[in-house]
Each structure stands twice: as structure tokens, then as C-alpha cells.
Amino acid sequence: MNPTRVRFAPSPTGYLHIGGLRTALYDFLFARAMNGKCILRIEDTDQSREVAGAAQNLIDILHTLGIDFDESPLVGGPFAPYIQSQRLELYHKHANQLLESGHAYRCFCHPDTLNQMREEQQARGEFVKYDRRCLSLSQAEIDEHLAKATPHVIRLKMPDNHLFAFDDLIRGHVEMEASQSDDQVLLKSDGFPTYHLAATVDDHYMQISHVIRGEEWLSSTPKHIWLYECLGWQAPQWVHLPLILNSDRSKLSKRMNDVSVESYLNKGYLKEALLNFVALLGWHSADDRELYTLAELCESFNLERVNKAGAIFDLTKLDWMNGHYLRNLPLELVAERARPYFKDISLRDTEQYLAIIMAARERCNLLPEMADYAQMFITPKDPDPAELDLLKDEASQQVLAWYIAHLPGIDLGEADQVNQLTKNGIAELGIKGKAFYTPLRLALIGQSHGPDLPSTFAILGMEESLKRLQTHIL
Ligand code: GLU
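Please read all numbers here as calculations on a predicted model, not as lab measurements.

Below, the discussion takes up the side chain of Arg468. As for its position among the elements, Arg468 is in helix H20 (residues 453–471). By relative accessible area, which is 3% here, Arg468 ends up buried. In this structure the side chain of Arg468 is engaged in a polar contact, spanning 2.7 Å, whose partner is the backbone oxygen of Met376. Leaving out residues up to four positions away in the same chain, Arg468 has contacts with Met376, Phe377, Ile378, Thr379, Pro380, Ala443, Leu444, Ile445 and Leu460.

Written out as C-alpha cells, the structure is:
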């Protein structure tokens, strides 16, 4: 059997989309599972859509997430270059080969002519495709155009009355009529190939065994199969991943903030959670397990368990997963990841910061939420007026006074000592439950709900705790 070789082939036209990340991840996982190679190829043949820096940005994000490639523009490889704009000669060679074998033809139609053709076909309710008027040009007419250097493209001549049948690893047996395929442009007038020609040529030369890509490319597969046939090459195994849908089953939003991987990382999602979540967009294990590290995914992933039905992008699940990772990753690691969100918060010391993170991660799902959560420890917050009244009660005043009197005798770093002090206070004052805890929390953090008392005191520290309690003594 040929070795498994898969490729992630993004076009550097903007940001890395959640769908792109899923393709890259599945490529990576499949290659690892099969002991094969995962290749990164940059498909930059649409010069008008290219965004400077996009390719590097994409490589950086994937690297941050732990997805590295065996062959790529960065690390090179036996089939370099891995950037399509550096392989133009190869595409020209094969476009010419197709011209010579009669499988392709030159088309000199002006864009205005093509627009008009499209509008007329649309008005008649027909399938929009090139009407092949240039296919009947005589050699003399073609030579005349070439002599005048009329801008032109090279089109693939699709077969008539042909049924394309192929087996897709996820979708099973697929059949498509050739009549549903246009005579695809292979080489554009600027001399650059289209995706269809370049990807086919490269997949062949790079010995790609499985083409793993989004379902939106399924309708192009007949053109690619035809190209392989015309060029006398063996086609790879086709693998079309399911669409990613919003919760209401509509197509996933195109708004950048909703689908760009970077924007999720910037919003404070952890890379571990994002990867785990994206892995489950279409794939699940036999036991429906939900939580996986990248290493565990490498062991468990297989393409057979990828669904063909659309995968729902459920943000609530991502939030839940993120919360899980916030609570379960090592404290120091979470603290490090949360640091940028705390840059405007003045902290006493590292110990206080870690105590805040420890308390906050129990209650927050996102990194920035932890910084919001921390505010109550940094700046004293006034309880609302009704709560202020409660603080004036005799019982409340007794509770505050108890702590002011006894706190200095204990070590706030020792949770046991704080718990013992609280027990003693309840017994001594004969005040319990809400009547005991609410005034204490209101004085300490300005609200009636918050972390447990040992954490609260540890975060505030002796000086600040006493100060806050004192403020409310009448
Ligand atoms: N360059 C294509 C894209 O941007 C790649 C499609 C494929 O994987 O064949 O999605």
C-alpha cells in the first residue's frame, strides 16, 4: 500500500477559519494515526485575493495549537516548493499538455461577454456554464488572437453525457452528471492557474494519498477526477468533511469574529479547549467521549467515525469545555495564560495572583471573565443600599467585630485556621447561616456571594481584610 500522505492546502486570503482548522486538524490526526505525512501547501494562485502576511499568520496559529507539518514552506521537503506561486512552470506544462491532447481549449471571450452569457442563462433558468463558443474557433482564428495577444484563458473540456462515480471515505458512493460541471478555467489570463489545475497537479506530484477537504468542494470533484483521467494519473482517495452549521442548522456565519480561530484565541478561549471542540465537529468516538488532549486525539481519531451530516457549532459547548480546561490544567499554566488580562490590575504579589486564579477558575469559563471576577478583591465595591442597611444590624456588627478582633491572631494562608475561627465565631455569637455569612461577605467583597472564606481572606490579605471590615463598623 502507498504511504499515507495528506495535505492542508489553504489559500492565504485572510484569517484561519474554524473550518480550516478542522481540516488541518483532521489531516494531522489522520496522518499521525496512519504513520503517514502531513503536508502544508500554500495555494496562492489567486493573486487578487492574497492578503500579505496571511500565510505566516496561519502557520503561526497552527503551530501555537500544536499542529506542525512534516513538509511545508517552512521546513521544506522532497517535493518543494510548497507554495503554488513558485510552481507556475509545472502548471503551464500540464495546461499545454491538455491543449495538445485536445482535453483543453483556449477561450478568448471578454469578461463582458461571459457576464452577459451568465445573465441570459439565469434569466432562462438554466444551469450557468460556459457555452463553448471558443471551442469551435478555427486554428487560423486562434492564431490571429494569439498574434494580437488577446487576453485569454485555457478551459478544460468536460465530457458530454458522462456519469462521474467515485467513492468518498465519508460520503460513500457518489454519482454526479458531467452536465452539472462547467468547462472549468484551468489557466487564467494573468498566467496563474486556477485552484482546480494547481491542486490536481500538486496532489499528483506530492503523492497525496487522501484529499481531505470541506464538503463545499464536493461538486468540484468531477472536474478533478476528469483532470486526473486526462493527464493519465491515478486519483487520490476523496474525503469530504461535513459542513459546519450554526445551532439552527443554517450555514456557519461568515462574520470574521464568529469564525476566525484567532478571534477565539483573542477572546480568551484556551487552545486545548478549542482543539478539543473542533475535533468533535463531525467526529466522535464509539463511546461518545468528549474530552481529549491532542495526544489522545492522535491515538483515537479515525476517518470512519466522521459523520456526513452537518456538524453543529455549539458555542455553549465550547464555553463548557473551556471551563473544564480552566479548572483542570495546572494552576501555573492557567495563571500564565490569564496574565495578559490582568495587566491593568494591580496585584500585591504572585501569591495573591495565584489565589485569585484558583478561586476564579472555579466560577469562570473564559480567561477575561477571571479578570472581571478579580475586581472585587482589588477595588472595594459598595454593597447596594438595602444591603448597607443590613450591615448596620446589631448581629452584622457583631460578626464584623468578631473578625476584626480575632483575625490578627491567625495565619490567613492556612485555610484550617480560618475555618476554625469561623466555627468559633458561630458558636460564640450564636449567629449562623446567612445572618453570619452575608454581612461578612458584603463587607469584604461588596456582594453576598463569592468564594469560600479562606480563599477570600487569603486573596485580600490581613491588612485589606481588616480595612474592609473596619469601614462598615458604625
Ligand atoms: N485552497 C483550497 C481552499 O482554500 C483548498 C481546497 C482543497 O483542500 O482541495 O480551501
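Structure shown, so let's carry the discussion forward.
Burial along strand S5 (residues 163–168) is one-sided: Phe164, Phe166 and Asp168 are buried, and none of Leu163, Ala165 and Asp167, which face the opposite way, are. Bridging between S5 and strand S6 (residues 172–177) involves 6 bridges; their strand directions are antiparallel. Along S6, the bridge assignment pairs Asp167 with His173. What sits between S5 and S6 in their antiparallel hairpin is a turn of 3 residues.

For the rest of this paragraph, the subject is the nonpolar core. Proteins that are soluble and globular tend to have nonpolar side chains buried together. Counting 99 residues, the largest nonpolar core has Phe342, Met370, Tyr403 and Leu440 as its most contacted members. Sorting elements by how many residues they give to this core places helix H1 (residues 18–33) first, with 9 residues. Setting aside chain neighbours within four positions, we find Leu440 in contact with Val399, Leu400, Tyr403, Leu453, Phe457 and Leu469. Grouped together as the second largest cluster of nonpolar side chains are 33 residues, Ala104, Leu156, Val201 and Trp238 included.

Next up on the list: the site of the ligand. Around the ligand, the neighbouring residues are Arg7, Ala9, Ser11, Glu43, Tyr195, Arg213 and Trp217. For the ligand, an oxygen atom lies 2.8 Å from a polar atom in the side chain of Arg7. A distance of 2.6 Å separates a nitrogen atom of the ligand from a polar atom in the side chain of Glu43. Its free accessible area being 290 Å², the ligand has 80% of it covered by the protein chains. Looking at side-chain class alone, the shell around the ligand contains 3 nonpolar, 1 polar and 3 charged residues.

Spatially, S3-S4-S7 is the arrangement adopted by the 3 strands of the open sheet, whose pairing is antiparallel. Both edges of this open sheet fall to strand S3 (104–107) and strand S7 (185–187), since each of them pairs with a single strand only. The mean inter-strand angle of the sheet, taken between neighbouring strand axes irrespective of direction, is 45°. Together, S3, strand S4 (153–156) and S7 form the strand contacts of helix H3 (residues 88–100), whose direction differs from that of S3 by roughly 100°.

Here the structure, examined in full by the defined rule, presents 16 aromatic pairs. Judged by centre distance (6.2 Å) and plane angle (70°), the rings of Tyr228 and Trp238 are edge-to-face. Here Tyr228 is found in helix H7 (residues 221–231), whereas its partner Trp238 is found in strand S9 (residues 237–241), with 10 residues between them in sequence. The exposure class of Tyr228 is buried, given its relative accessible area of 2%. Residue class for Trp238 comes out buried when judged on its relative accessible area of 4%. Ring geometry for Phe277 against Phe313: centres 5.1 Å apart, planes inclined by 85°, an arrangement best described as edge-to-face. Residue Phe277 is located in helix H10 (residues 271–279), and its partner Phe313 is located in the loop between strand S11 (311–312) and helix H12 (315–328); the two are separated by 36 residues in the primary sequence. Through successive ring pairs, a cluster of aromatic residues spans Tyr26, Trp283, Tyr292 and Phe301. One cation-aromatic arrangement involves Arg155 over Tyr130; the distance from NZ or CZ to the ring centre is 3.9 Å. The ring of Tyr264 has Lys267 lying over it, and the distance from NZ or CZ to the ring centre is 4.3 Å.

The subject of this paragraph is H3. Compared with an ideal rise of 1.5 Å per residue, which puts 13 residues at 18 Å, H3 spans 18 Å between its outermost C-alpha atoms and is within 8% of the ideal. Looking at H3, one finds that the buried residues are Leu90, Tyr91, His94, Ala95, Leu98 and Leu99. Here the buried face of H3 lies against S3, S4, S7, helix H6 (195–205) and H7.

Across its 12 residues, helix H2 (residues 54–65) extends 17 Å between first and last C-alpha, which sits within 8% of the 16 Å expected from 1.5 Å per residue. Restricting attention to buried positions, one finds in H2 the residues Ala54, Leu58, Ile59, Ile61, Leu62 and Leu65. Down the axis, H2 shows its buried residues gathered within 165° of arc, on one side only. Along its buried surface, H2 packs onto strand S1 (5–8), H1, strand S2 (37–40), helix H9 (261–266), H10 and helix H11 (294–300). Looking one or two residues past H2, Gly66 carries a phi angle of roughly 100°, positive in sign.

Mapped onto the secondary structure, Ala458 falls in helix H20. In this structure the C-alpha to C-alpha distance between Ala458 and His240, which are 218 residues apart in sequence, comes to 54 Å. For Ala458, the residues in contact, after removing those within four places along its chain, are Arg348 and Leu412.

Taken as a whole and judged by the stated rule, the model has 0 disulfides. Free of any disulfide, Cys38 has its nearest cysteine sulfur in Cys298, 10 Å distant.

Put simply, Ala80 and Pro81 share a cis peptide bond, and its omega is 0°. Inspection of the secondary structure assignment puts Pro81 in the loop between H2 and H3. With a phi close to 45°, Asn161 is a non-glycine residue in the positive phi region. On the accessibility criterion, Asn161 (80% relative accessible area) is exposed.

Cut-offs applied
Residues numbered from 1 in each chain as written. Predicted model: local features only at pLDDT ≥ 70, side-chain atom pairs only at ≥ 80, totals over all residues. Heavy atoms only, no water. Helix = DSSP H or I, 4+ residues; strand = E, 2+ residues; numbered from the N terminus. Buried < 20%, exposed > 50% of the residue type's maximum accessible area, 1.4 Å probe, protein only. Polar contact = N/O pair within 3.5 Å; in protein donor to acceptor, adjacent residues only side chain to side chain. Contact = heavy atoms within 4.5 Å. Pairing = 2+ DSSP bridges. Core = buried A, V, L, I, M, F, W, Y, C linked by side-chain atoms within 4.5 Å. Near = heavy atom within 4 Å. Areas by Shrake-Rupley, 256 points an atom, 1.4 Å probe, with all protein chains shown as cover. Nonpolar A, V, L, I, M, F, W, Y, C, P; charged D, E, K, R; others polar. Axes fitted to C-alpha atoms, helices over the stretch in contact; angles between N-to-C directions. Phe/Tyr/Trp six-rings, centres within 6.5 Å; stacked < 30°, edge-to-face > 60°. Lys NZ or Arg CZ within 6 Å of the ring centre and 35° of its normal. Expected span 1.5 Å × (residues − 1). Arc of directions from axis to C-beta. Disulfide = S-S within 2.5 Å.

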